[in-house]
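Reading the structure
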Amino acid sequence: MELQRDHSKEFEAISKAYEKAGGDISGLLSKDIVSVIVSGNQIIGRNTVDGVEISADIKDNKVKLNFVMKDGVKLNKPIHMCVGYLKDFGEQLLDMNFEIGDNCNANFVSHCSFPAAKDILHKMDAVLKIGKNSKVTYKDEHYHNEEGLVNLDASYFTTIGENSSFDNRFNLTKTRVGNLKILMDVEILKDAKCYIESKVKEKKDDKVEIKEIMRLTGENSSGIAKTYVIAQDNSYGKVINEAYGIGNNASGHIECDEIIVGDGVDLSTIPLLNVKNASAELTHEASVGRINSDQLETLMSKGLDQEDATELIIKGMFS
Amino acid sequence: MLELKNISYEVDKKVILRNISFVFEKGLTYSILGNNGVGKSTFGKVIMGNTGYYKNHTGKIFFENVDITEKTITERAKLGITTAIQEPARFKGLSVKDYLTLGLKIKHSDEELVKFLEIVGLNISYLYRKVDKTLSGGERKRIELCSTIILKPKLIVLDEPDSGIDMMSNSMLKNIIDILKENGSTVITITHREEISVLADESLLLCGGTFTHSGKPWEINSVYKKICDDCNHINNPIKDKLSGVNK
């Protein structure tokens, strides 16, 4: 790990936040793994290995990160992304560009934490291009703040190359959300596969807007997009799942489960299936409502009270 | 142990249970035999206190001499009553281990849990599977039965315990009931199958929402064959066929 000068104290603070978010700090410090630490609008540490180039630039208070993995690089160990903002007010602006070559294996593990936030903006624009015959996973765990306000505005534009697979999981279930706006737009080329999943638990006056788009342009391309939202109190949630069947024999499935716990919630889900090729097939499932009473009563008949039964059911959904 | 006094239940003026009074003795196993639609599952839900059933019936229910008529499903469960419903619910993402231990509230090692699973014909590979649509109805049924063994209830209502379990032999189900009995449970099995009914110590025939006959299972099976094969009075019993069992 190459730690930038004069950042040791900040690293210490951000590593605490990182661990709180579920990250393993030993993973960041190991020399044989790829890792990047972004604190505020600075990159305070990074490490890389042969075949992976990471360059960074800060312009107009925005962190620009370029990540390039050369053809044929297969990393067994995860690539750690630690992103945090330790101040109470302000903006964190990120511009991420990932290029994964052909025949690569890459598993990203990202932890984003904002432990002191009172009113901050975290804005990220990410572009991910995956070459042919590659396998990429991206696990994104967020840890916000129970009292303060985190405004998260993230856009991801991904292209999955021929015969490649991409598995993306976004998770914000441990703390309050704040205001969340996510756009995931994925193009899936020939014989490529995609799985995207978002899990969010919101409460009080949190606001969540998630839009997931799968463009199944390639022949035999396939994709699944799933969203799970648990909403409490007076929170607001709107989930839009779109799938476009364009390539020959393309197949896609979108699914959204939104569970209401309480009376003041405003939740909606909007699925859109658009087929432009007669051989393509798209399906969707969606539900918005309270927890199924059969599930609740099954657990209550084993001795759990309603709150514990609800918690266990939600735990399952977020596992 | 469980005493029912004049239990009646109706929905939209349609009588489902009709003035049932009966005492279930501690440690015995009972079968409640009856055709589809005679009120068997409703009977189980009234005992368990499911939403829409408790408070909505007339009569009283006593469990170990305590009036539980007004108690909720959780309160009854905490007293030692439980049930295994006919079609177990699915739980998205919840592992079999979490389900069996109620989110680790019940302490058992993995080895112990596997031994419980083996009783219902499942193995270690199921421990971390999800209790969702990836399991068949029969597999979920086995897990539900496994859960009841782990809970060691004082009273359990098994609603159609063999439904969905094509390959499950009666001997396996008998073994499950024997284990429950050895653990001190009173077992009430709800069934429309004579082969399942004979696994009990005592049997009751439910017809038109009330118990019309009680006795040894083979006796009740015989009555069942005689009067229920051509019975077309579901929830509307012919009076001269009722003997009005009260114990």
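Residues numbered from 1 in each chain as written. Chains lettered and ligands numbered in written order. Predicted model: local features only at pLDDT ≥ 70, side-chain atom pairs only at ≥ 80, totals over all residues. Heavy atoms only, no water.

**A short note on the overall build of chain B**
Stated formally: Every helix listed is a DSSP run of H or I at least four residues long, and every strand listed is a run of E at least two residues long, numbered separately from the N terminus. Radius of gyration means the value over C-alpha atoms here, while the globule rule gives 2.2 Å times the residue count to the 0.38 power. Per-residue accessibility, obtained with a 1.4 Å probe over protein chains only, is compared with the maximum for each type, and a residue is labelled buried under 20%, exposed over 50%, and partly exposed between these values. A contact between two residues is defined here by any heavy atoms of the two lying within 4.5 Å. Charged-residue counts in this description rest on Lys and Arg as positive and Asp and Glu as negative, His and the chain ends being excluded. Charge coordinates come from a single atom per side chain, which is NZ of Lys, CZ of Arg, CG of Asp or CD of Glu.
Scanning chain B for helices and strands turns up eight helices and 10 strands. Here chain B has a C-alpha radius of gyration of 18 Å; the compact-globule value for 247 residues is 18 Å, and the two agree. A buried classification covers 54% of the 247 residues belonging to chain B. When contacts within chain B are restricted to residue pairs at least 6 apart in sequence, those whose partners lie at least 24 apart make up 67%. Counting 35 positive and 31 negative side-chain charges, chain B places the averaged centre of each group 4 Å from the other.

**Brief notes about the sheet that holds strand 5 (residues 66-67) of chain B**
Paired through their backbone hydrogen bonds, the strands of a sheet run either parallel or antiparallel. Residues and elements named next belong to chain B. To keep things clear, this is the line we draw: At least two DSSP bridges between two strands are needed for those strands to be called paired. For helices, the fitted axis covers only the stretch in contact; all axes are lines through C-alpha atoms, and the angles between them, taken along N-to-C directions, range from 0 to 180 degrees.
Taken in spatial order, the four strands of this open sheet run 2-1-4-5, and their pairing is antiparallel. At either end of the open sheet lies a strand with only one pairing partner, and these are strand 2 (14-24) and strand 5. Against the sheet, helix 1 (residues 40-48) engages strand 1 (2-11), strand 2 and strand 4 (57-63), with an angle of about 60 degrees to strand 2.

**So, the pattern of salt bridges**
All names here are of chain A. The condition is simple: Think of a salt bridge as a Lys or Arg side-chain nitrogen and an Asp or Glu carboxyl oxygen that are within 4 Å of each other.
Counted under the stated rule, the structure contains 30 salt bridges over all chains. For the salt bridge of glutamate 53 with lysine 70, the shortest nitrogen-to-oxygen distance reads 3.5 Å. Here glutamate 53, found in strand 4 (residues 52-59), pairs with lysine 70, found in the loop between strand 5 (62-69) and strand 6 (79-84); they are 17 residues apart in sequence, far enough to count as distant. By relative accessible area, which is 44% here, glutamate 53 ends up partly exposed. With relative accessibility at 44%, the residue lysine 70 sits in the partly exposed group. The salt bridge involving lysine 211 is made with glutamate 242; its shortest N-O contact spans 3.8 Å. Pair noted here: lysine 211 is in strand 15 (residues 207-216) and glutamate 242 is in strand 17 (residues 236-245), with a separation of 31 residues, a long-range link.

**Thoughts on the sheet that holds strand 3 (residues 29-33) of chain B**
Residues and elements named next belong to chain B. Here six strands make up an open sheet; going across it, the order is 6-7-8-3-9-10 and the pairing mixed. Among the strands making up the open sheet, the edge pair consists of strand 6 (81-84) and strand 10 (210-215). Geometrically, the sheet is characterised by an average inter-axis angle of 20 degrees between neighbouring strands, direction not taken into account. Relative to strand 7 (residues 155-159), strand 6 runs parallel, the two sharing four bridges. Looking at the pairing, threonine 83 lines up with valine 157 of strand 7.

**As for the interface of chain A and chain B**
Inclusion rule: Buried area counts how much accessible surface, traced with a 1.4 Å probe, disappears from two parts once they are put together, with both parts' losses summed. Under the rule applied, a polar contact is a pair of N or O atoms within 3.5 Å (in protein, one hydrogen donor and one hydrogen acceptor; residues adjacent in sequence only if both atoms are side-chain atoms). Residue polarity follows a fixed list, in which Ala, Val, Leu, Ile, Met, Phe, Trp, Tyr, Cys and Pro are nonpolar, Asp, Glu, Lys and Arg are charged, and the others, Gly among them, are polar.
Across the contact, 22 residues belong to chain A and 27 residues belong to chain B. Regarding the contact of chain A and chain B, the summed buried area is about 2000 Å², with carbon and sulfur atoms giving 56% of it. Considering only the surface of chain A that becomes buried against chain B, Glu297, Ser301 and Lys302 of chain A emerge as the three largest contributors, covering 32% of it. Joining chain A to chain B, the criterion identifies 11 residue pairs in polar contact (both at pLDDT 80 or more). Of all the elements in the fold, those that place two or more residues in the side of chain A that touches chain B are strand 18 (251-261), helix 3 (293-300) and helix 4 (306-317) of chain A. Taken together, the residues of the side of chain A that touches chain B sort by class into seven nonpolar, six polar and nine charged.

**A look at the nonpolar core**
Here is the rule we go by: The definition of a nonpolar core used throughout is a set of buried Ala, Val, Leu, Ile, Met, Phe, Trp, Tyr and Cys residues joined through side-chain atoms within 4.5 Å.
Formed by 79 residues in total, the largest nonpolar core has its most connected members in Leu299 of chain A together with Leu2, Phe24, Ile32, Phe43, Ile188 and Phe211 of chain B. Counting residues in hydrophobic clusters, the runner-up holds 67 residues, among them Cys112, Met214, Cys256 and Val265 of chain A.

**Comments concerning the pairing of strand 7 of chain B**
Of all five residues making up strand 7 of chain B, five are buried, and the element is well covered by its neighbours. Both faces of strand 7 of chain B are covered, namely the face carrying Leu155, Val157 and Asp159 of chain B and the face carrying Ile156 and Leu158 of chain B.

**A closer look at helix 1 of chain B**
Helical periodicity: at 3.6 residues per turn, an α-helix aligns residues three or four positions apart in one direction. Residues and elements named next belong to chain B. In terms of burial, helix 1 is largely enclosed, as seven of its nine residues are buried. Looking only at helix 1, the buried set comprises Lys40, Thr42, Phe43, Gly44, Val46, Ile47 and Met48. Immediately beyond the C-terminal end of helix 1, within one or two residues, lies glycine 49, with a positive phi of roughly 85 degrees.

**What about the confidence of the model for chain B?**
All names here are of chain B. Using the following cut-off: For every residue, the predictor states its confidence as a pLDDT score lying anywhere from 0 to 100.
Predicted confidence across chain B gives a mean pLDDT of 87, with 91% of residues reaching 70 or more. Across residues 237-244, confidence stays below pLDDT 50; counting only partners more than four residues off in sequence or on other chains, it has 17 contacts. Interface confidence for the predicted complex, expressed as ipTM, amounts to 0.90; the pTM equals 0.79.

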